[in-house]
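Here is what each chain is made of, one letter per residue.
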Amino acid sequence: MITIVRLTKKYGTTLAVDDVSFTAEAGRVTGFLGPNGAGKSTTLRIMVGLTRPDTGSATISGRTYVDLPNPGLEVGVLLDASAQHAGRTGREILTLAQQFMGLPRARVEEMLETVSLTPTEASRRVGDYSLGMRQRLGIATALIGDPEVLILDEPANGLDPAGIRWMRDLLRGYADRGGTVLLSSHLLHEIEVIADDIVMIGLGRIVSMGTKTELLHEAGTVVRAADLLAL
Ligand SMILES: Nc1ncnc2c1ncn2[C@@H]1O[C@H](COP(=O)(O)OP(=O)(O)O)[C@@H](O)[C@H]1O
Ligand SMILES: [Mg+2]
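What you see is a predicted model; the values in this text were computed from it and never measured.

**A word on the nonpolar core**
Step number 1: Of all hydrophobic cores here, the largest spans 42 residues; its most connected members are Leu94, Ile139, Ile144, Leu150, Met167, Leu171 and Leu183.
Step number 2: Secondary structure elements with two or more residues in this core: β3 (29-33), α2 (90-100), α3 (106-114), α5 (131-143), β6 (149-152), α6 (161-176), β7 (180-185) and α7 (188-194).
Step number 3: Top element by residues in this core is α6. It accounts for seven residues.
Step number 4: Built from parts of two domains, this core gets at least three residues from each of domain 1 (1-74 + 147-231) and domain 2 (84-144).
Step number 5: Ignoring sequence-local partners within four residues, the contact set of leucine 171 consists of Val29, Leu150, Leu152, Val181, Leu183 and Ile194.
Step number 6: Core analysis: the next-biggest nonpolar cluster, separate from the first, contains 23 residues, Ala24, Met47, Leu68 and Val149 among them.

Below you can see the structure in the form of structure tokens.
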């Protein structure tokens, strides 16, 4: 479970995150939805200790990220699939994660299989990967420590419709086994396909949140006019 309480972050005069509170529950996929610049990445970066908030707190299973002794075993993170050394192969990147977290060697091949990267693809340099392949590798790296919580920033970027369905099934299975999944997107249809719960953010503020069924049922538009009758 992820708990965010009254987070605020200002960059100069830009209020990137404005008093944001929400939870992502175990056993559910929570979609974090909002247009570009809404404050999604900043919020996720604060959760994993890469950005310091001005106020508020973000905890993962009750502890802040920096207090987790071997964080990869508790929370899998994919913020930027291209932020990898382009000269390393996919297998090398996974092997580094495996060694860093003190995991059995066999996890590397298991993860390659989970994300459907073939042995040939795994032996190629990441600089030659498509964005979709990088996303798969990033998801493999996030999952390798078998964490209970997954935090993914726009993981569907670069995936084709088949790739999005593949990811939906993977995240669904993970949540059904009790995992907590928080993923962001700027596209409603991606979130609609994958998420159980939706948290909507705009200009740094939470606009709306609830289960997908609740939110999509109450869809409607409020129109105001100076002369309502005429309207
Ligand atoms: N390191 C930074 N320095 C200055 N402004 C930033 C920085 N990171 C994000 N911002 C600003 O904060 C706002 C939210 O950005 P971001 O969290 O990346 O939004 P999103 O991920 O929803 O697209 C934007 O206005 C962005 O320009
Ligand atoms: Mg972003």
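**Considering the layout of surface pockets**
Step number 1: Taken as a whole, the largest pocket spans an internal volume of roughly 600 Å³.
Step number 2: Contributing to the lining of the largest pocket are 23 residues, with Tyr65, Val77, Gln84, Met101 and Thr141 lying nearest its centre.
Step number 3: Every element with two or more residues in the lining of the largest pocket is listed here: β5 (75-78), α2 and α5.
Step number 4: Here the lining of the largest pocket gathers at least three residues from each of two domains, domain 1 (1-74 + 147-231) and domain 2 (84-144).
Step number 5: Of the pockets and cavities examined, the second largest pocket occupies roughly 220 Å³.
Step number 6: Lining the second largest pocket, in full, are Arg107, Met111, Thr114, Leu143, Asp146, Pro147, Glu148, Leu170, Tyr174, Arg177, Gly178 and Gly179.
Step number 7: For the lining of the second largest pocket, the elements supplying multiple residues, two or more each, are α3 and α6.
Step number 8: Examining the composition of the lining of the second largest pocket, we find that three residues originate from one element, α3, more than from any other.
Step number 9: Residue classes in the lining of the second largest pocket are distributed as five nonpolar, three polar and four charged.
Step number 10: Residues from two domains meet in the lining of the second largest pocket; each of domain 1 (1-74 + 147-231) and domain 2 (84-144) gives at least three.

Scoring rules and cut-offs
- Residues numbered from 1 in each chain as written.
- Chains lettered and ligands numbered in written order.
- Predicted model: local features only at pLDDT ≥ 70, side-chain atom pairs only at ≥ 80, totals over all residues.
- Heavy atoms only, no water.
- Core = buried A, V, L, I, M, F, W, Y, C linked by side-chain atoms within 4.5 Å.
- Buried < 20%, exposed > 50% of the residue type's maximum accessible area, 1.4 Å probe, protein only.
- Helix = DSSP H or I, 4+ residues; strand = E, 2+ residues; numbered from the N terminus.
- Domains from an automatic or database assignment.
- Contact = heavy atoms within 4.5 Å.
- 1 Å grid on protein atoms, 1.4 Å probe; cavity = no way out; pocket = protein on both sides within 12 Å on 5 of 7 lines; lining within 4 Å.
- Points joined across faces, edges and corners; volume = space filled by probe spheres on them.
- Nonpolar A, V, L, I, M, F, W, Y, C, P; charged D, E, K, R; others polar.

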